[in-house]
Amino acid sequence: MRFHTAFFYDIKIQIRHGLYAVYILVSLFYIIALYQIPEQYREMVGVFITFSDPGVLGFFFIGGLVLLERNQNILDNLFITPYKVEEYILSKALSLTVLSIISSYAIHISVFGFSFGMILFLIGVFLTSMFFTIFGLGVAVRSHTLNGFFLLSSSYSLIFCLPLLELVGIDYSLFMLLPTKGALLLISTAFSPINMLEMIYAIGILLFWSLVAFWWARRSFYKMIIFKASEGKTL
Amino acid sequence: MKAVFHLIRGDMRQIYRDPMLFISMVGPILLILLVRFIVPFVTAHFAIESYNVLLASFFILLIPLLLGVMTGFIMLDERDDKMIDYFAVTPLSKIGYLIYRLLFPGVLTIFYGIVFVEWASPESLAALDTLLVIVMLAMEAPIICLCLVALAANKIEGLALSKGVGLVVFVPFIIYFVPLPWQLVGSILPTYWTANLFLVGDISFGMLLIIGILGIFIHILYIVFLSKQFLRKID
Amino acid sequence: MIDVEKLHFTYPGRKEPTIKGMDFTINEGEIFGFLGPSGAGKSTAQKILIGMLKNYQGRVRIFDQEVSQVKRSYYERIGVAFEFPNFYQRLTAMENLSLFRSLYTGETVAPEELLMEMGLNESARMKVSAYSKGMKMRLNLCRALLNKPDILFLDEPTSGLDPLNAKKVKNKIVRLKEEGKTILITTHNMNTADEICDRVAFIVDGRIQLIDTPRNLKVRHNEKKVQVESREKDHGLKINEFDLQGIGTNPDFLTLLRSNKIETIHTQEATLEDIFINVTGRGLN
């Protein structure tokens, strides 16, 4: 009851702040852009776009959502209720993931139509968004300004972007340890099927990193928000 | 004057504390280096050198976008934290605050724009073209910044808007791929005119003057309208 | 209900402690006031009681458990209204209350009821961004009452309210007390404290200087004098002071009483504010 109402209101707040409106525009843009791209590159670019935009949109927006709630002291008001930090993190991540999935799905079926790998593709988007949003939340509670958030998050996430190099042909086996590798693998199943082992690896690595991110975000949240380690610091 | 001095001192402190401002200075430099060294290499590799000018007209728009969004984020933070109310009751006044904030990305854009056109761009422009491009570019950074703060009520909406507003940098592709008169739809956007100067090729002096005057007029229109909107919003 | 012993607290990274030894007990069904200038440690003490700051020294027992150890279920039983009323600006008042209400698992009050009581029923469907400060303050109190809390923590509950609405809020607080709620009010508004608090604690520099009922304080600190203002023919307004002791036989006073020139008569009661300044040697602002 508590969780699903919080989740419902998170989505409502995102709609009221224009996130859905803007993603209609952005998705439309990608659909048109993808049609302009020569067919032999279209799938590759499609994978890249799905990962780098709808896939990680939560990462982009979580900073604003958390910073606003924090600087307006809404967080203080939330955590003098029985609401749990774990519920807060999950509600934020799941609600933003809903937008990720809708947007990726819309772009994909508009450009490429339905395909067999659809379920795995969506699982890929789901896990990618969950990981990056939770991770972003951990960064957000450590930041005090939007620009600070984007600096911190882009320097943290640089390493996660390394596997994107494989799209232009650069690949190292060490990339296998990063969640992005699993994300790209799952998202590309829409075009090229993967075997069971690859599937288990991809889902496993994303789940593993999501759990790590959750543990870290939870710890950061307790430290920065609940125990007020940043109390008295200026914005 | 003293108020401005204090603001600058505050900014210097913030540059030191908030490394994103530092990045906003380094970001355009990286962009310029990319266009100068990497883009020609890549286009040569794929034998698509004919796109060099298109890419240049696209990349140059990223400079005002980056600086404008960054300044917009600072102002959104300041407004959410009620800092603008504080500036409004100092001798600086609200308009003084706005001008001061907008000058920062404007002046930086002029500087980077000149370096870009004179040194990095694959296609050199005539003196008058360069002047017109720089003047318009210098106005685009404040326009993008104003878009965020005039239309968004808080930082979440600002983030959402920055996603949408960011799409204007793709206008060069419309000019390049969409034939006249259809591409004129894009002419209500300021970036249409900047990109046009790169992409129209050889035209008469009179035509150039028309593009220049119309372009600058549209830019001014945006600045005036959005500034009014912003000032009304913080009343 | 609330039992505090030898409470000390220092914010991480600061040398000077904010709370330097506090002892007090708040009984069930009591309205207790924390009075003091800003920066005295009132809000910090309140945050500790709420369980927001856990690394304190000393004993803080509420509902017979140490506050630093409480589980989240503790929050089912308390209600808090912070000094600054913050809400989701893009949601209506009703939506905000429904959202916060859903976070409780125990019994809750219908938001409509609370909005009605606070005179906000007509603006229930308005976005909070269109609310005035006074409306937000009342909405803030509504939010604190959603879960029928046994203990209420109210930070400056009447600040920013016009006299009529301040009255509404004060009446509500007194009614809650009559229902058996325990209420801790933090304020630097002495009038509010005087009107509704059963006992008040004067807090200065992280310490409690004194705890007593407003009435006792006033009786003890009264100057026991009567001030009489009278209208003289040529001299305009004239003010005379008389000792209450033996006033019935004071000839000057009796003459004045018979003279028909009196405009006002007051006993010189010290206000809580005077007493505060007297006791602590500090002003309130």
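Residues numbered from 1 in each chain as written. Chains lettered and ligands numbered in written order. Predicted model: local features only at pLDDT ≥ 70, side-chain atom pairs only at ≥ 80, totals over all residues. Heavy atoms only, no water.

1. Let's talk about the sheet that holds strand β7 (residues 151–155) of chain C
Residues and elements named next belong to chain C. Strand order in the open sheet made by the six strands is β6-β7-β8-β3-β9-β10, with mixed pairing throughout. Taken across any chain shown, the strands that pair with only one partner, and hence form the sheet edges, are β6 (78–81) and β10 (207–212). The average angle at which neighbouring strand axes cross in this sheet is 15°, direction not considered. In the sheet, β7 pairs with strand β8 (residues 182–187) via five bridges, with the strands oriented parallel. (Pairing = 2+ DSSP bridges. Helix = DSSP H or I, 4+ residues; strand = E, 2+ residues; numbered from the N terminus. Axes fitted to C-alpha atoms, helices over the stretch in contact; angles between N-to-C directions.)

2. What to know about the pattern of salt bridges
Evaluated as defined, the whole model comprises 23 salt bridges over all chains. Residues Glu-95 of chain C and Arg-16 of chain A are paired through a salt bridge, measuring 2.8 Å at the closest nitrogen-oxygen approach. Taken as a pair, Glu-95 of chain C in helix α2 (residues 93–102) and Arg-16 of chain A in helix α1 (residues 2–16) lie in two separate chains rather than in one. On the accessibility criterion, Glu-95 of chain C (11% relative accessible area) is buried. The exposure class assigned to Arg-16 of chain A is partly exposed, which follows from its relative accessible area of 27%. Close ionic contact of Asp-53 of chain A with Lys-163 of chain B constitutes a salt bridge, the shortest N to O distance being 3.1 Å. With one member in each of two chains, Asp-53 of chain A in the loop between α3 (39–52) and α4 (57–71) and Lys-163 of chain B in helix α7 (residues 155–165) form a pair that bridges those chains. The class for Lys-163 of chain B is buried, based on a relative accessible area of 18%. Among the charged side chains, a salt-bridge network with shared partners connects Asp-10, Glu-69 and Lys-92 of chain A. (Salt bridge = Lys/Arg side-chain N within 4 Å of Asp/Glu carboxyl O. Buried < 20%, exposed > 50% of the residue type's maximum accessible area, 1.4 Å probe, protein only.)

3. Description of the packing of aromatic side chains
Evaluation of the coordinates by the stated rule reveals 47 aromatic pairs over all chains. Relative to Trp-209 of chain A, the ring of Phe-208 of chain A has its centre 6.2 Å away and its plane inclined at 85°; by these criteria the two rings are edge-to-face. Considering the side-chain rings of Tyr-74 of chain C and Tyr-75 of chain C, the 5.3 Å spacing of their centres and the 70° angle between planes classify their relative orientation as edge-to-face. Across the pair, Tyr-75 of chain C and Tyr-74 of chain C agree in class, each one buried. (Phe/Tyr/Trp six-rings, centres within 6.5 Å; stacked < 30°, edge-to-face > 60°.)

4. A word on a negative patch on the surface
All names here are of chain C. Where like charges cluster on the molecular surface, the negative patch consists of Glu-223, Glu-241, Asp-243, Glu-273 and Asp-274. Going through the elements one at a time, β12 (236–243) and α9 (272–280) are the ones with two or more residues in the negative patch. Assignment of secondary structure puts Asp-274 in helix α9. Judged by relative accessible area, which is 38%, Asp-274 ranks as partly exposed. (Patch = residues over 30% accessible without salt bridge, like charges linked within 9 Å, V, L, I, M, F, W, Y side chains within 5 Å. Areas by Shrake-Rupley, 256 points an atom, 1.4 Å probe, with all protein chains shown as cover. Lys, Arg positive; Asp, Glu negative; His and termini not counted. Charge placed at Lys NZ, Arg CZ, Asp CG, Glu CD.)

5. Here we look at the domain arrangement of chain C
According to the domain assignment, chain C consists of domain 1 (2–218) and domain 2 (223–268). Placing a centre on the C-alpha atoms of domain 1 of chain C and another on those of domain 2 of chain C gives a separation of 44 Å. (Domains from an automatic or database assignment.)

6. Some details on the sheet that holds strand β13 (residues 262–267) of chain C
Residue and element names in this part refer to chain C. Strand order in this open sheet of three strands is β12-β11-β13, and the pairing throughout is antiparallel. Edge positions in the open sheet fall to β12 and β13, since each of these has one partner strand only. This sheet shows a mean twist of 15° between the axes of neighbouring strands, independent of strand direction. Where strand β11 (residues 225–232) and β12 come together, eight bridges link them in antiparallel fashion. Residue pairing across strands places Lys-225 opposite Asp-243, the latter belonging to β12.

7. With respect to the interface of chain A and chain B
Contact residues are listed per partner, giving 26 residues for chain A and 24 residues for chain B. Counting each side, the surface lost to burial between chain A and chain B is near 2300 Å², with a carbon and sulfur contribution of 72%. Remark: the boundary between chain A and chain B carries one salt bridge. The interface formed by chain A and chain B contains five residue pairs in polar contact (both at pLDDT 80 or more). Sorting elements by how many residues they give to the side of chain A that touches chain B places α4 of chain A first, with seven residues. Among the residues forming the side of chain A that touches chain B, the class breakdown is 16 nonpolar, eight polar and two charged. (Contact = heavy atoms within 4.5 Å. Buried area = accessible area lost by both parts, 1.4 Å probe. Polar contact = N/O pair within 3.5 Å; in protein donor to acceptor, adjacent residues only side chain to side chain. Nonpolar A, V, L, I, M, F, W, Y, C, P; charged D, E, K, R; others polar.)

8. Section: the pairing of β11 of chain C
Residue and element names in this part refer to chain C. The turn linking β11 back onto β12 is made up of three residues. Two strands pair when backbone bridges link them, and β11 and β13 are joined in this way by five bridges, in the antiparallel orientation. What sits directly across from Val-226, in β13, is Thr-267.

9. What to know about the packing of helix α7 (residues 118–140) of chain A against helix α10 (residues 196–226) of chain A
All names here are of chain A. One can describe the packing of α7 onto α10 by two numbers: an axis separation of 8 Å at closest approach and a directional angle of 20°. Taken together, the axes of α7 and α10 are roughly parallel relative to one another. As α7 packs across α10, the resulting crossing turns out to be left-handed. Residues Leu-120, Ile-123, Gly-124, Leu-127, Thr-128, Phe-131, Ile-134, Phe-135, Leu-137, Gly-138 and Val-139 of α7 pack against Met-199, Ile-203, Leu-206, Leu-207, Trp-209, Ser-210, Ala-213, Phe-214, Trp-216, Ala-217, Ser-220 and Phe-221 of α10. Tallied by class, the residues present in the contact of α7 with α10 amount to 18 nonpolar, five polar and no charged. (Parallel < 35°, antiparallel > 145°, perpendicular 65-115°, else oblique. Left-handed = near helix turned anticlockwise from the far one by under 90°.)

10. Some points on the nonpolar core
In terms of nonpolar packing, the biggest core is built from 190 residues, with Leu-78, Tyr-88 and Phe-221 of chain A together with Phe-230 of chain B touching the most fellow members. When residues of this core are assigned to their parent elements, the largest contribution, 14 residues, is made by α7 of chain A. When residues no more than four places from it in sequence are discounted, the contact partners of Phe-230 of chain B are Met-75, Arg-79, Ile-84, Tyr-97, Leu-98, Leu-146, Val-149 and Ala-150 of chain B. Core analysis: the next-biggest nonpolar cluster, separate from the first, contains 36 residues, Val-4, Ile-50, Ile-62 and Val-80 of chain C among them. (Core = buried A, V, L, I, M, F, W, Y, C linked by side-chain atoms within 4.5 Å.)

11. Looking at empty space enclosed by the protein
Leftover empty space is mapped by rolling, across the atoms, a probe with the size of a water molecule. Counted by the stated rule, this structure contains five cavities of 30 Å³ or more. Its boundaries defined by the atoms lining it, the largest cavity holds a volume of some 100 Å³. Taken together, 15 residues form the lining of the largest cavity, with Ile-13, His-17 and Leu-68 of chain A, Ile-156 of chain B together with Tyr-88 of chain C sitting closest to its centre. Of all the elements in the fold, those that place two or more residues in the lining of the largest cavity are α1 and α4 of chain A. Sorting elements by how many residues they give to the lining of the largest cavity places α4 of chain A first, with three residues. Taken together, the residues of the lining of the largest cavity sort by class into seven nonpolar, four polar and four charged. (1 Å grid on protein atoms, 1.4 Å probe; cavity = no way out; pocket = protein on both sides within 12 Å on 5 of 7 lines; lining within 4 Å. Points joined across faces, edges and corners; volume = space filled by probe spheres on them.)

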